[in-house]
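Inside the fold
Single-letter residue listing:
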Amino acid sequence: MGKLFLEVVTPEKVVVSQEVDMVVAPGSEGEFGVLPGHVLFLSGIIPGEMRYNSGSETISLVVSTGFAEVSDDKVSILVDAAERGTDVDIDRAQQAAERARERMTNGKSAEEIDYKRAEVALKRAIARIKVAEKFH
Ligand code: ATP
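These numbers were taken from a predicted model, which means no experiment stands behind them.

Here we come to the site of the ligand. By nearness alone, 13 residues border the ligand, and E12, E83, D89, R99 and R124 come closest of all. Contacts to the ligand include E12, whose side-chain N or O atom sits 2.8 Å from an oxygen atom. Contact distances for the ligand include 2.3 Å between an oxygen atom and a side-chain N or O atom of E83. Those elements that place two or more of their residues in the shell around the ligand are strand 10 (82-84), helix 1 (90-106) and helix 2 (112-133). Broken down by element, the residue count for the shell around the ligand peaks at 4 residues, all from helix 1. When its residues are assigned to classes, the shell around the ligand shows 5 nonpolar, no polar and 8 charged. Domain assignment of the residues forming the shell around the ligand places at least three in each of domain 1 (4-85) and domain 2 (89-132).

This is the structure:
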């Protein structure tokens with residue numbers, strides 16, 4: 001079977017740039033899987049786990065928000081942040097979740113945008129905790 005070329009890019013760095021056999025990612029319309037030969041596809045990415053297979057190895061990444069494009073056996077995932085599930089610092093994610101929850105409770109009278117930002121931060125933190133718990 002053919003291969004896919006996967007790129008996972010954040011504003012900070014290129015996290016993945018390699019040939020893979022399969023990609024599964026958290027799309028805004030639900031989780032989607034990509035195998036070689038996939039049709040042209042665009043999707044938003046929401047905080048959650050993405051996985052890719054390379055040979056017998058499956059690698060798990062936590063991604064935050066962004067979008068994905070599948071075209072000509074190339075999968076491009078552009079997200080605000082991505083780190084390996086095994087690299088997640090659970091304490092840090094729990095603190096981030098706690099801070100976000102506080103901002104959401106105390107921020108009722110604050111700007112809507114602050115509430116939204118806290119909500120998104122909480123989703124990022126929850127995704128990190130959920131994925132990291134598989135590895136600890
Ligand atoms: P925090 O408030 O703890 O910084 P955050 O959600 O604001 O969390 P991001 O802006 O999403 O953090 O990410 C900033 C950088 O830190 C990214 O490179 C991301 O991969 C990394 N990162 C964030 N949280 C964790 C974590 N819990 N464990 C490991 N790396 C993390």
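Now that the structure has been shown, we can carry on.
The terminal C-alpha atoms of helix 1 lie 24 Å apart, and with 17 residues this matches the ideal 24 Å at 1.5 Å per residue to within 8%. For helix 1, the set of buried residues is I90, A93, A97, A100 and M104. The buried residues of helix 1 occupy an angular sector of 85 degrees when the element is viewed end-on, so they sit on one face. Counted as exposed and oriented over 90 degrees from the buried face of helix 1: D91, R92, Q95 and N106. Residues of helix 1 that are buried sit in contact with helix 2. For helix 1, the N-terminal capping position is held by D89, with its side-chain oxygen 3.1 Å away from the main-chain nitrogen of D91.

Oppositely charged side chains may form a pair once their charged atoms are brought near each other. Using the criterion set out here, one finds 6 salt bridges in the structure. For the salt bridge of K3 with D21, the shortest nitrogen-to-oxygen distance reads 3.0 Å. Of this pair, K3 sits in the segment before strand 1 (4-9) while D21 sits in the loop between strand 2 (14-20) and strand 3 (22-27), and the two are 18 residues apart along the sequence. Put simply, K134 and E49 hold a salt bridge, and the shortest N to O gap is 2.8 Å. Of the two residues, K134 is situated in the segment after helix 2 and E49 in strand 6 (residues 48-54); the sequence distance between them amounts to 85 residues. The exposure class assigned to K134 is exposed, which follows from its relative accessible area of 55%.

Looking at chain direction, strand 3 and strand 4 (residues 30-34) are connected through 5 bridges and run antiparallel. Its bridge partner lying in strand 4, V23 is registered against V34. Where strand 3 hands over to strand 4, the hairpin turn is made up of 2 residues, counted between the paired strands.

With 3 bridges connecting them, strand 3 and strand 6 associate as antiparallel partners. Its bridge partner lying in strand 6, V24 is registered against R51. Sheet topology note: the strand 6/strand 7 (residues 57-63) ladder contains 7 bridges and is antiparallel. Residue M50 lies in a different strand from strand 7, and its bridge partner there is L61. Between strand 6 and the antiparallel strand that follows it, strand 7, lie 2 residues; G55 among them carries a positive phi value of about 60 degrees.

The rules behind each value
Residues numbered from 1 in each chain as written. Predicted model: local features only at pLDDT ≥ 70, side-chain atom pairs only at ≥ 80, totals over all residues. Heavy atoms only, no water. Near = heavy atom within 4 Å. Polar contact = N/O pair within 3.5 Å; in protein donor to acceptor, adjacent residues only side chain to side chain. Helix = DSSP H or I, 4+ residues; strand = E, 2+ residues; numbered from the N terminus. Nonpolar A, V, L, I, M, F, W, Y, C, P; charged D, E, K, R; others polar. Domains from an automatic or database assignment. Expected span 1.5 Å × (residues − 1). Buried < 20%, exposed > 50% of the residue type's maximum accessible area, 1.4 Å probe, protein only. Arc of directions from axis to C-beta. Contact = heavy atoms within 4.5 Å. Salt bridge = Lys/Arg side-chain N within 4 Å of Asp/Glu carboxyl O. Pairing = 2+ DSSP bridges.

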